[in-house]
Amino acid sequence: MRTKPRHPPAGRRRLLAIGTAAGLAAAVPALLIGCERKAAAPSFHGINLTGVGYGRDFHLRDPDGKVRALADFRDKVVLIFFGFTQCPDVCPTALTRAQQVRQALGKDASRLQVIFVTVDPERDTAQLLRQYTTAFDPDFLGLRPEPAELPSVAEEFRVTYRKVPTGSSYTMDHTALSYLYDPKGRLRLAIRHDMPADQLAEDVLGLLGEPSN
Amino acid sequence: MKHLSRLALASALALVALQASAEVSIKDPWVRATVTDQKATGAFMQLQSSSDARVVEARSPVAGAVEIHEMTMVDNVMKMRALPDGLDLPAGKSVELKPGSYHVMLIDLKQGLKVGDTVPLSLVVEGKDKKRETIEVKAEVRPLGAASGPKGPMMHGDGEHKHHH
């Protein structure tokens with residue numbers, strides 16, 4: 001039985017070879033990085049951030065005034081979302097999804113720490129942050145950078161935020177990605193706002209179940 | 001036949017209209033609950049006008065200021081803008097104020113809004129003839145984690161905060 005050859009015809013193959021050779025020198029570093037990332041996260045729904053040099057750590061106060069850092073949550077998957085409590089739409093949706101993921105995790109729920117960092121510290125007091133995060137889930141943690149700290153925190157996490165005046169007040173534009181850290185405290189995935197909760201739960205379980213952990 | 005279906009549509013619209021004028025129907029109005037110290041939240045609903053019109057103003061006794069906003073997502077960044085000319089209601093088209101799109105922003109809240117409360121809203125609608133009329137809406141306060149309508153970016157299971165109607 002003969003099957004059709006899968007290779008392109010000779011002429012096209014030659015062109016392809018020339019093109020590949022020419023592009024190879026420039027492409028090699030990019031390819032290597034691509035392969036590494038792919039190998040590290042073969043089947044996640046989120047955007048793979050393994051090995052990026054940012055989002056390494058934070059030192060921010062919780063509503064009790066205690067400074068918290070990523071190392072406090074070792075052995076847990078950490079989900080971090082940047083937002084503000086007067087956000088009518090995106091922030092409640094992201095936190096509700098996180099709460100649904102915790103429900104879906106069942107007995108593993110305690111292995112997911114959800115952190116909400118405000119980009120509106122002027123209006124988001126420690127008390128308001130606590131009221132807000134715990135309204136979604138008593139175990140959610142709100143962290144509040146001082147206004148002077150916010151630019152460096154945002155830069156470290158590559159999140160944008162901008163105060164936008166509206167007629168009578170102001171609103172905040174901000175990055176709507178959630179970040180996921182593996183139990184060793186390494187930034188691994190960015191989660192898009194429209195990713196369904198069941199896919200996010202799978203990614204959390206994937207990180208919890210990695211062999212080295 | 002054609003007449004009949006138009007009649008059916010008209011009566012369906014009339015049924016869902018909530019204290020609306022002959023022109024504009026408002027369906028499923030709701031407001032997102034707040035926590036005690038929170039000073040702003042969003043209101044959502046579906047609007048439909050029989051002729052071209054525009055919502056030019058919104059008011060509520062629970063808020064110091066009310067604005068109509070549009071939310072957009074650009075490169076994973078959420079942006080909200082007040083609509084300076086109000087919200088267009090093209091004739092016969094359902095315009096949905098929902099998470100991920102338009103909302104009425106209630107700012108400088110005078111009190112916390114608890115699930116089950118009713119929030120009065122007044123929408124000022126301007127027709128093509130520049131005539132304005134005020135529509136009174138009673139919006140139900142739903143949980144902080146409520147999503148709009150039966151579909152949203154939610155899980156298929158039953159989350160505690162999920163809200164069908």
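Given the structure is predicted, the values throughout are model-derived calculations rather than measurements.

1. What to know about the overall build of chain B
Next, step 1: Counting its secondary structure elements, chain B contains 1 helix and 10 strands.
Next, step 2: Order of helices (α) and strands (β) in chain B, N terminus to C terminus: α-β-β-β-β-β-β-β-β-β-β.
Next, step 3: Long-range contacts, defined as pairs at least 24 residues apart, comprise 64% of the intrachain contacts of chain B with a sequence gap of at least 6.
Next, step 4: A total accessible area of about 8300 Å² is found for chain B, and carbon and sulfur atoms account for 54% of it.

2. Looking at the interface of chain B and chain A
Next, step 1: Facing 40 residues of chain B, the contacting portion of chain A comprises 40 residues.
Next, step 2: In this assembly, chain B packs against chain A so that about 3100 Å² is buried in total across both faces, 58% of it on carbon and sulfur atoms.
Next, step 3: Inspection of the region where chain B meets chain A yields 1 salt bridge.
Next, step 4: Between Asp173(A) and Arg81(B) there is a salt bridge, with its nearest N and O atoms 2.8 Å apart.
Next, step 5: Between chain B and chain A we count 14 residue pairs in polar contact (both at pLDDT 80 or more) in total.
Next, step 6: For the side of chain B that touches chain A, the secondary-structure elements that each account for two or more residues are strand 2 (40-49), strand 4 (63-74), strand 5 (77-82) and strand 8 (102-109) of chain B.
Next, step 7: It is strand 5 of chain B that contributes the most residues to the side of chain B that touches chain A, 6 residues altogether.
Next, step 8: Per-class residue counts for the side of chain B that touches chain A are 17 nonpolar, 13 polar and 10 charged.
Next, step 9: Taken together, the 2 bridges between strand 8 (residues 170-175) of chain A and strand 5 of chain B define a ladder with antiparallel strand orientation. The partner of Thr175(A) across the bridge, within strand 5 of chain B, is Val77(B).

3. Re the packing of aromatic side chains
All names here are of chain A.
Next, step 1: Here the structure, examined in full by the defined rule, presents 7 aromatic pairs over all chains.
Next, step 2: Ring centres of phenylalanine 116 and tyrosine 132 lie 5.6 Å apart, and the angle between their planes is 45°; on these two criteria the pair is classed as tilted. Of the two residues, phenylalanine 116 is situated in strand 5 (residues 112-118) and tyrosine 132 in helix 3 (residues 126-136); the sequence distance between them amounts to 16 residues. The two residues phenylalanine 116 and tyrosine 132 agree in class, both being buried.

4. Things to note about helix 2 (residues 90-105) of chain A
Residues and elements named next belong to chain A.
Next, step 1: The terminal C-alpha atoms of helix 2, which comprises 16 residues, lie 23 Å apart, in line with the 22 Å expected from a rise of 1.5 Å per residue.
Next, step 2: Of all 16 residues in helix 2, 14 are buried, a share of seventy percent or more.
Next, step 3: Just downstream of helix 2 lies glycine 106, where phi reads positive at about 60°.

5. What about the packing of helix 2 of chain A against helix 5 (residues 197-208) of chain A?
Two packed helices can be described by the angle between their axes and the distance between those axes.
All names here are of chain A.
Next, step 1: Running from N to C, helix 2 and helix 5 point in directions that differ by 60°, and their axes come no closer than 9 Å. With respect to each other, helix 2 and helix 5 are oriented oblique. As helix 2 runs across helix 5, the sense of the crossing is right-handed. Across the interface between the two elements, Arg97, Gln100, Val101, Ala104 and Leu105 from helix 2 touch Ala197, Leu200, Ala201, Val204 and Leu205 from helix 5.

6. Some words on the pattern of salt bridges
All names here are of chain A.
Next, step 1: Under the definition given, this model contains 22 salt bridges over all chains.
Next, step 2: Salt-bridge contacts for arginine 56 lead to glutamate 156; the nearest nitrogen and oxygen are separated by 2.8 Å. Remark: glutamate 156 occurs in helix 4 (residues 150-156) and arginine 56 occurs in the loop between strand 1 (47-48) and strand 2 (59-61); sequence separation between them is 100 residues.
Next, step 3: According to the relative accessible area criterion, arginine 56 is exposed, its value standing at 55%.
Next, step 4: Assessed through its relative accessible area of 17%, glutamate 156 is described here as buried.

7. Quick look at the pairing of strand 9 (residues 118-127) of chain B
All names here are of chain B.
Next, step 1: When you tally the buried positions in strand 9, you get 8 out of 10 residues, the bulk of the element.
Next, step 2: Looking at chain direction, strand 9 and strand 10 (residues 132-142) are connected through 9 bridges and run antiparallel. Pairing of leucine 123 across the sheet is with isoleucine 135, part of strand 10.
Next, step 3: The loop that links strand 9 with its antiparallel partner strand 10 comprises 4 residues; one of these, lysine 130, has a positive phi angle of about 70°.

8. Examining the sheet that holds strand 4 (residues 77-83) of chain A
Residue and element names in this part refer to chain A.
Next, step 1: Strand order in the open sheet formed by 6 strands is 1-10-9-4-5-6, with mixed pairing between adjacent strands. Edge strands, defined here as strands with exactly one partner in the open sheet, are strand 1 and strand 6 (141-143).
Next, step 2: Relative to strand 6, strand 5 runs parallel, the two being bridged by 3 bridges. Residue pairing across strands places phenylalanine 116 opposite glycine 142, the latter belonging to strand 6.

9. Side note on the confidence of the model for chain B
All names here are of chain B.
Next, step 1: Looking at chain B, pLDDT values average 83 and 76% of them are 70 or higher.
Next, step 2: This stretch, residues 17-22, has a pLDDT under 50; its non-local contacts, to residues over four places away or in other chains, come to 13 contacts.
Next, step 3: Confidence over residues 150-165 falls short of pLDDT 50; this stretch has 41 contacts with residues more than four positions distant or in other chains.
Next, step 4: The ipTM for the predicted assembly is 0.75, set against a pTM of 0.78.

10. Some details on the side chain of Ser178(A)
All names here are of chain A.
Next, step 1: As for its placement among the helices and strands, serine 178 is situated in strand 9 (residues 178-181).
Next, step 2: Taking relative accessible area as the criterion, serine 178 reaches 1% and is therefore assigned buried.
Next, step 3: When residues no more than four places from it in sequence are discounted, the contact partners of serine 178 are Leu79, Ile80, Phe81, Arg97, Leu189, Ala190 and Ile191.

How each quantity is defined
- Residues numbered from 1 in each chain as written.
- Chains lettered and ligands numbered in written order.
- Predicted model: local features only at pLDDT ≥ 70, side-chain atom pairs only at ≥ 80, totals over all residues.
- Heavy atoms only, no water.
- Helix = DSSP H or I, 4+ residues; strand = E, 2+ residues; numbered from the N terminus.
- Contact = heavy atoms within 4.5 Å.
- Areas by Shrake-Rupley, 256 points an atom, 1.4 Å probe, with all protein chains shown as cover.
- Buried area = accessible area lost by both parts, 1.4 Å probe.
- Salt bridge = Lys/Arg side-chain N within 4 Å of Asp/Glu carboxyl O.
- Polar contact = N/O pair within 3.5 Å; in protein donor to acceptor, adjacent residues only side chain to side chain.
- Nonpolar A, V, L, I, M, F, W, Y, C, P; charged D, E, K, R; others polar.
- Pairing = 2+ DSSP bridges.
- Phe/Tyr/Trp six-rings, centres within 6.5 Å; stacked < 30°, edge-to-face > 60°.
- Buried < 20%, exposed > 50% of the residue type's maximum accessible area, 1.4 Å probe, protein only.
- Expected span 1.5 Å × (residues − 1).
- Axes fitted to C-alpha atoms, helices over the stretch in contact; angles between N-to-C directions.
- Parallel < 35°, antiparallel > 145°, perpendicular 65-115°, else oblique.
- Left-handed = near helix turned anticlockwise from the far one by under 90°.
- pLDDT = per-residue confidence, 0-100.

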